[in-house]
Amino acid sequence: MDWDKIGKDDFERIVETLLTRKWQGIATVTCPDGRGGDGGIDVEVRQSDRRRIHQLKYFPDGFSGDKKTTRHKQIRNSFERATKLSPPPSEWILVIPAKLTPGERTFVEGLGGPDRPPVTILDRVGLDVLIAEFPDVYRYLRRDHLRPEVELYRLETETLTGNSKPLTRRILDLGAQADSTDLFWATDFSRVGDKVTYTVRPKDTDAHKKSPITVSFDSVFGPEHDDVRRKFEQSMNFGASGAIVLPPHVVNNMVIRGPQAIAGTPGNVTVRMEPLNDNPAVGEFVELRFFGTDGTLRSAHEGRITYINHGSVGYSLEISFYEHLEVELLAPISTGGSGESRLSYNFHRIRPKDALAVLDLLDSLRSPGIFKVYIKDDFLASHQPNGEPTDPALEQELAEIYGIALDLSVVQEFCNHSFAIPEEITPWERVNLRVARIIIDGHLTASPRITNWTAPLSGLDSPKLRTQLTESGPAHFTWKDFTLKLGSKELALGDAGVIHGSAKVVNSEEALAALDAGTARGFRIKFEPQEDRYFLIYLLGQGPELKDRMIAKWTLPGFTQPGTEKTNRN
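Summary of the structure given here. (Residues numbered from 1 in each chain as written. Predicted model: local features only at pLDDT ≥ 70, side-chain atom pairs only at ≥ 80, totals over all residues. Heavy atoms only, no water.)

This part takes up the overall build of the chain. Across its full length, the chain holds 14 helices and 24 strands. In terms of overall dimensions, the chain is more spread out than a globule: its C-alpha atoms have a radius of gyration of 40 Å, far above the 25 Å expected for 570 residues. Taking the principal axes of its C-alpha atoms as reference, the chain extends roughly 135 × 65 × 65 Å. Counting every position in the chain, which comprises 570 residues, the buried fraction comes to 42%. Here the analysis covers contacts within the chain between residues at least 6 apart in sequence; of these, 62% occur between residues at least 24 apart. Just so you have it, the chain exposes about 31,700 Å², and 50% of that area is on carbon and sulfur atoms. (Helix = DSSP H or I, 4+ residues; strand = E, 2+ residues; numbered from the N terminus. Rg over C-alpha atoms; globule rule 2.2 N^0.38 Å. Buried < 20%, exposed > 50% of the residue type's maximum accessible area, 1.4 Å probe, protein only. Contact = heavy atoms within 4.5 Å. Areas by Shrake-Rupley, 256 points an atom, 1.4 Å probe, with all protein chains shown as cover.)

Written out as C-alpha cells, the structure is:
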C-alpha cells in the first residue's frame, strides 16, 4: 500500500475505519473530532476496563534527520497529554505510515515506563497486515486505478456459457467493486426481470454518523391524499410509528446524497418511510394511572414501551399491554398544544385474566378524567382520554367477551387449569360455563345438561318404592366427577349434587312389572321434571348447607331460562 501518497486526511480516515472494523462487536471505538484539541486521543478503544489510545502521526518519511527534533517533540507531547487522562490509558499506540529505524523505535518505546502506560507501535508493516483483513478498504483506496474495472466490464459483455459458476463469480466480483465505492457503506443489489434493486448496508455501526445519507424532496398533496398527508405530518411532527407510502405524484425534486451507488436525483419515485427505533427506553416498563374527574385514582395498568420517538412538535410513545393492546400517544412538547391517543387491540388466543385487564384498560381510556404516564415510576406527562362516542354493537360484543372472560377466569382458578379463551364458544357451552361459575360460587342453578336422570333399582320391593314410582316428588342424586367441556378442553369440578322439587318416573309401568316379575335388580328408572325443564345442580363440599343456598339464574343476554322458583331443597 502506498501510504506515503494518500495524504494526511485519507490516512487518518482510513486508519479510523480499519480500527473500527477490527474492534467492531468486541470493543467500543471512539474517534474524537478535531486534531490537536483531542486531549491526546485520536482513536480510543475501550474494552471493559481496558483503554487503548491510538495516536496518529502522518510521518511517511519517519522522524530522523532534520525532522528529528520537531517530530520527537510532537510525539512526546501527545504521549504526555494521554498520560494525564482519567482513567489513564492501559496502552498507548503510535500509528505511523513508515518503517521505523531502530533509533526511532527505541525513542518511541522508551516513552513508557514502570509507572507509565506501555507503548507499542503500529507502523507501515502492521497497517499493511490490517488492511489485508478488509479488502474493500484497499479497493476503495485503489478506486482511481480503473484497469481492473474496465477488464471486469469487458467480461460482463461476453457471452456466458457452461454452468452457473462463472456467473456467480462475476456477480461476486461486481459486488466487491460496488462495496469499494464507499468506506462506510456497502452496496447490495438484485435483479428480477428488468428491475435492479440497490440496497446500502452499513460497514460499521457508526456509518450513519461518519457518512450520513440524506434525502430531500418536495411533497405535493392533493385532496385525495388526506390520509397519507395526516400520517406524514404526524411522523414529521411527532415521530409517529407506522409505515408511510408516498406515491410518485406526491414526490417532487428528490435529491439523495450519500454513497455513490444511490446518490443522485431520481424521478418517478415511490417513497416508503418506516420508523427506525433504537431508543434505549424501548422495553422499559411504563404505567398509565387513571384518575376520575374528582381526582381519585381509579385504576393503573403497566405495560412495556415498544416505540418512542420525537418530531418537530412533540413525541410519540407506543406501549404494549398484556400482549393484546397497543396504545400510541402523540403529545406536544409545548404546554397547551393538542395531542391524541390511538389504540388497537385483539382477543386472539388471549387468557381470561389478560382479557379482563384489556377490557378494563379500554374502559379507562374512554372514561372522563385524566391519565398520567410514568416510565420506571418517573412522571412523564398527563393526557386526557379522547372520549370518543361508543358503538352500541361494539359495546355489546365487549360485554359478552367480558362475561366469558370473568366466568372462565373463576373456573380456571378453581380447577387449576389455564388456557386461552376458545376462538368459538357455542351457545350451550356458554350456558354451561355460567353454570360452572355459579356452582363454584356456592349457589344452586339449573343445568341444561340435566333434562332427565336415570338410577338403578336395588331389586327390593316396598309400598314406599311403588308410591315413589307412580307419584311426582322431590329427587336428589349425586353426579360423580362433574366436568365442564369447552371445545377440546375439559375441566374437572368434582362431585355435584343434582336435585329437583317435582320429578316423576316416566317408565314406572315397566319398573312395576319388573318388581312383580322379581327382575327389578339393576333396572334403570328414568326421572324427568314435571314443571321446570332442568334439574338444579350444586357442588358438594363447596358453599353453605343445601338448605341455605341461593338459587341463582344464568342472567345471560339472549338466553331464556326456565323458572326455578318452586323447588324443594330438603
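For the structure on display, the rule yields 15 aromatic pairs. Geometrically, the ring pair formed by Phe 63 and Phe 107 is edge-to-face, given 6.2 Å between the ring centres and 65° between the ring planes. Of the two residues, Phe 63 sits in the loop between strand S3 (50–56) and helix H2 (68–83) while Phe 107 sits in helix H3 (residues 102–109), which places them 44 residues apart along the sequence. Since its relative accessible area comes to 13%, Phe 107 is described here as buried. Ring centres 4.9 Å apart and planes at 80° place the aromatic pair Trp 479 and Phe 482 in the edge-to-face group. Taken together, the ring pairs in this structure connect Trp 453, Phe 477, Trp 479, Phe 482, Phe 527 and Phe 535 into an aromatic cluster. Over the face of the ring belonging to Phe 285 we find Arg 304, whose NZ or CZ atom lies 3.8 Å from the ring centre. (Phe/Tyr/Trp six-rings, centres within 6.5 Å; stacked < 30°, edge-to-face > 60°. Lys NZ or Arg CZ within 6 Å of the ring centre and 35° of its normal.)

By definition, the strands of a sheet pair up through backbone hydrogen bonds, in either a parallel or an antiparallel sense. In spatial order, the strands read S1-S2-S3-S4-S5; together these five strands make up an open sheet with mixed pairing. Every other strand in the sheet has two partners, leaving strand S1 (28–30) and strand S5 (119–122) as the edge strands with one partner each. Across this sheet, the average inter-strand angle for adjacent strands is 20°, counted without regard to direction. For strand S4 (residues 91–95) and S5, the ladder comprises four bridges, and the chain directions are parallel. Considered in S5, the bridge of Ile 93 is made with Thr 120. Across the sheet, helix H1 (residues 8–23) touches S1, strand S2 (43–47), S3 and S4, and the angle it forms with S3 is around 160°. Across the face of the sheet, H2 comes into contact with S3, S4 and S5 while running at roughly 155° to S4. (Pairing = 2+ DSSP bridges. Axes fitted to C-alpha atoms, helices over the stretch in contact; angles between N-to-C directions.)

A word on the nonpolar core. The tendency in soluble globular proteins is for nonpolar side chains to be buried as a group. Ranked by size, the top nonpolar core spans 80 residues in total, and within it Leu 493, Phe 527 and Phe 535 carry the most contacts. Here Leu 493 is in contact with Phe 414, Cys 415, Ala 436, Ile 439, Ile 440, Phe 482, Thr 483, Leu 484 and Leu 539, once residues within four sequence places are set aside. Listed in part, the 27 residues of the second largest apolar core include Val 43, Leu 56, Phe 134 and Trp 185. (Core = buried A, V, L, I, M, F, W, Y, C linked by side-chain atoms within 4.5 Å.)

The final tally for this structure, using the stated rule, is 29 salt bridges. Arg 71 serves as the salt-bridge partner of Asp 61, at 2.7 Å between the closest nitrogen and oxygen. Taken as a pair, Asp 61 in the loop between S3 and H2 and Arg 71 in helix H2 lie far apart in primary sequence, 10 residues in all. One salt bridge connects Arg 201 with Asp 188, and the closest N-O pair in it is separated by 2.9 Å. (Salt bridge = Lys/Arg side-chain N within 4 Å of Asp/Glu carboxyl O.)

Its location among the elements puts Tyr 307 in strand S13 (residues 297–310). Separated by 13 residues in sequence, Tyr 307 and Ser 320 place their C-alpha atoms 9.3 Å apart. For Tyr 307, the side chain forms a polar contact with the main-chain oxygen of Gly 239, separated by 2.6 Å. Within polar-contact distance, the side chain of Tyr 307 engages the side chain of Asn 309 at 3.0 Å. (Polar contact = N/O pair within 3.5 Å; in protein donor to acceptor, adjacent residues only side chain to side chain.)

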